[in-house]
Amino acid sequence: MKGLEEAKKFYTECGAKMLEEQFPDYVGRIAVGLVGHGSECFGFDDELSRDHDFETGFAMWLTREDEAKIGFKLTRAYDAIKAQYCGVKLEHTSVIGANSQGVCVIEDFYKKYTGCEGAPKTAKDWLFTESEYFAEATNGAVWRDDLGVFSGIREQILGGMPADVRLKKLAARAVRMAQTGQYNYPRCIAHGEDGAAMLALCDFVRNAVETVFLLNGKHCPYYKWAFKAMRSLEILGDMTAPLEFLLTADNDKAGKKVKAEIVEDIALVVANELKRQGLADCQGNYLEPFGFALQKRIKSAELRNMHILVG
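Caption draft 1: A look at the overall build of the protein chain. For the protein chain, the helix and strand inventory stands at 14 helices and four strands. Seen along its three principal axes, the alpha-carbon backbone of the protein chain occupies a region of about 70 × 45 × 30 Å. Going through the 311 residues of the protein chain one by one, you find that 49% of them count as buried. Of the contacts formed within the protein chain by residues at least 6 apart in sequence, a portion of 70% connects residues at least 24 apart. Of the roughly 15,200 Å² that the protein chain leaves accessible, carbon and sulfur atoms contribute 52%. One way to put it: in the protein chain the 39 positive side-chain charges average out to a point 4 Å from where the 45 negative ones average out.

Here it is in structure tokens:
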């Protein structure tokens, strides 16, 4: 059973009863689910995932006012049912691992990811916050939220990125893909700089993956889960295999030639999708002109006048 399923089972069998019996005046004000850092929140966990930063549990998100009134008591009640429940003992092996469970103030939860007490407030907040933080703030599941405060912020982050910010991010990535994969990868090979060539290729792949998520209107999780999440995307999800090939296939003379050809094929697919979505209309498959075309479509003068690679 996946961690998210175990968490829901724990909540359904024990948590819901505890809330109804011990907090009848607040049960309709407590949002419940499991969202945040950890493979189980993405639904990507397996047996190997249980060797670190893993335990069965769920989260309860409160308004700041309610937390001041019942936060301590609710935490004690949660700890009590958890101690009695047949869960998985937490083994701490990572100092940057984070527990997504227990009692938390709604604004504090989102501030960890967005830097704001909710969704980003400005275009710059959206632009300069890494997509992986947005992905972690909106993954998992919410099983109850009568107030709708937690879910309302969640929906803003899921679908609220300003169109200008999306264009700016796409513009930067299109130019980076052109520079790293289409231009510098073959040149590094010609110079006999195989290490530099692989660095260029890795950067091409990273930007290509992020581009696919942006074209889907989704937030890209951090690198560990990027390919796994990309496979399920409706638009260009099938590009996962050739992108993985670029990183994993042999780097002999024949392999380098094939990789250079695949880079061009991927660039063409991205170019065609940008045109299909009406975001840019350039000729050929060299992505740098597409990047500048995307930048020109930005309505905000502040964003439009930033360096093309910002984003």
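Caption draft 2: Examining the pattern of salt bridges more closely. If you walk through the whole model with that rule in mind, you get 15 salt bridges. One salt bridge connects Arg144 with Glu20, and the closest N-O pair in it is separated by 3.4 Å. Placement of the pair is Arg144 in strand β4 (residues 141-144) and Glu20 in helix α1 (residues 3-22), with a sequence separation of 124 residues. Using a relative accessible area of 44% as the deciding quantity, one classes Glu20 as partly exposed. Here Lys257 ties to Glu261 by a salt bridge, and the two come within 2.8 Å at their closest N and O atoms. In this pair, Lys257 and Glu261 both sit in helix α12 (residues 253-276), four residues apart, roughly one turn of the helix. Salt bridges sharing common partners tie together Arg173, Asp203, Arg206 and Glu210.

Caption draft 3: Focus on the nonpolar core. In this structure, Trp61, Val209, Leu243, Leu246, Ile266, Leu287 and Leu294 are the most contacted members of the largest nonpolar core, which totals 71 residues. Considering every element that reaches this core, the biggest residue donor is helix α9 (residues 194-215), with twelve residues. Beyond its immediate stretch of four places on either side in the chain, Val209 contacts Cys220, Ala226, Phe227, Met230 and Leu243. Listed in part, the 17 residues of the second largest apolar core include Leu19, Phe58, Leu74 and Tyr78.

Caption draft 4: Structural detail: the side chain of Asp66. With respect to the helices and strands, Asp66 occurs in helix α3 (residues 64-84). In this view, Asp66 contacts Tyr26, Arg29 and Gly71; residues no more than four positions away in its chain are not counted.

Caption draft 5: Structural context of unusual backbone geometry. The backbone of Leu236 shows a phi angle near 60 degrees, a positive value even though the residue is not glycine. Along the chain, Leu236 turns up in the loop between α10 (223-230) and α11 (240-248).

Caption draft 6: Representation of the packing of aromatic side chains within the structure. Summed over all chains, the structure comprises 15 aromatic pairs. When the ring of Tyr222 is compared with that of Tyr223, the centres are 5.4 Å apart and the planes differ by 70 degrees; the resulting orientation is edge-to-face. Cluster of aromatic residues (ring-pair linked, three or more members): Phe10, Tyr11, Phe58, Tyr78 and Trp143. When the ring centre of Phe23 is taken as reference, the NZ or CZ atom of Lys73 above it lies at 5.6 Å.

Caption draft 7: Representation of the side chain of Thr211. Within the fold, Thr211 resides in helix α9. Given the relative accessible area of 3%, Thr211 is considered buried. Once residues within four sequence positions are removed from consideration, Thr211 is found in contact with Leu170, Arg173, Met177 and Val270.

Caption draft 8: Inspection of the sheet that holds strand β1 (residues 31-34) at higher detail. Read across the sheet, four strands follow the order β3-β2-β1-β4 without closing on themselves; strand pairing throughout is mixed. What marks the edges here is a single partner per strand, and that holds for β3 (102-105) and β4. With direction set aside, neighbouring strand axes in the sheet form an average angle of 30 degrees. Relative to β3, strand β2 (residues 59-62) is paired through four bridges, and the arrangement is parallel. Counted as the bridge partner of Leu62 is Val105 from β3. Packed on one face of the sheet, α1 meets β1, β2 and β4 and runs near 25 degrees to β4. Most of the contacts of helix α4 (residues 106-114) go to β3, to which it runs at about 85 degrees, and overall it touches β2 and β3.

Definitions and limits used
Residues numbered from 1 in each chain as written. Predicted model: local features only at pLDDT ≥ 70, side-chain atom pairs only at ≥ 80, totals over all residues. Heavy atoms only, no water. Helix = DSSP H or I, 4+ residues; strand = E, 2+ residues; numbered from the N terminus. Buried < 20%, exposed > 50% of the residue type's maximum accessible area, 1.4 Å probe, protein only. Contact = heavy atoms within 4.5 Å. Areas by Shrake-Rupley, 256 points an atom, 1.4 Å probe, with all protein chains shown as cover. Lys, Arg positive; Asp, Glu negative; His and termini not counted. Charge placed at Lys NZ, Arg CZ, Asp CG, Glu CD. Salt bridge = Lys/Arg side-chain N within 4 Å of Asp/Glu carboxyl O. Core = buried A, V, L, I, M, F, W, Y, C linked by side-chain atoms within 4.5 Å. Phe/Tyr/Trp six-rings, centres within 6.5 Å; stacked < 30°, edge-to-face > 60°. Lys NZ or Arg CZ within 6 Å of the ring centre and 35° of its normal. Pairing = 2+ DSSP bridges. Axes fitted to C-alpha atoms, helices over the stretch in contact; angles between N-to-C directions.

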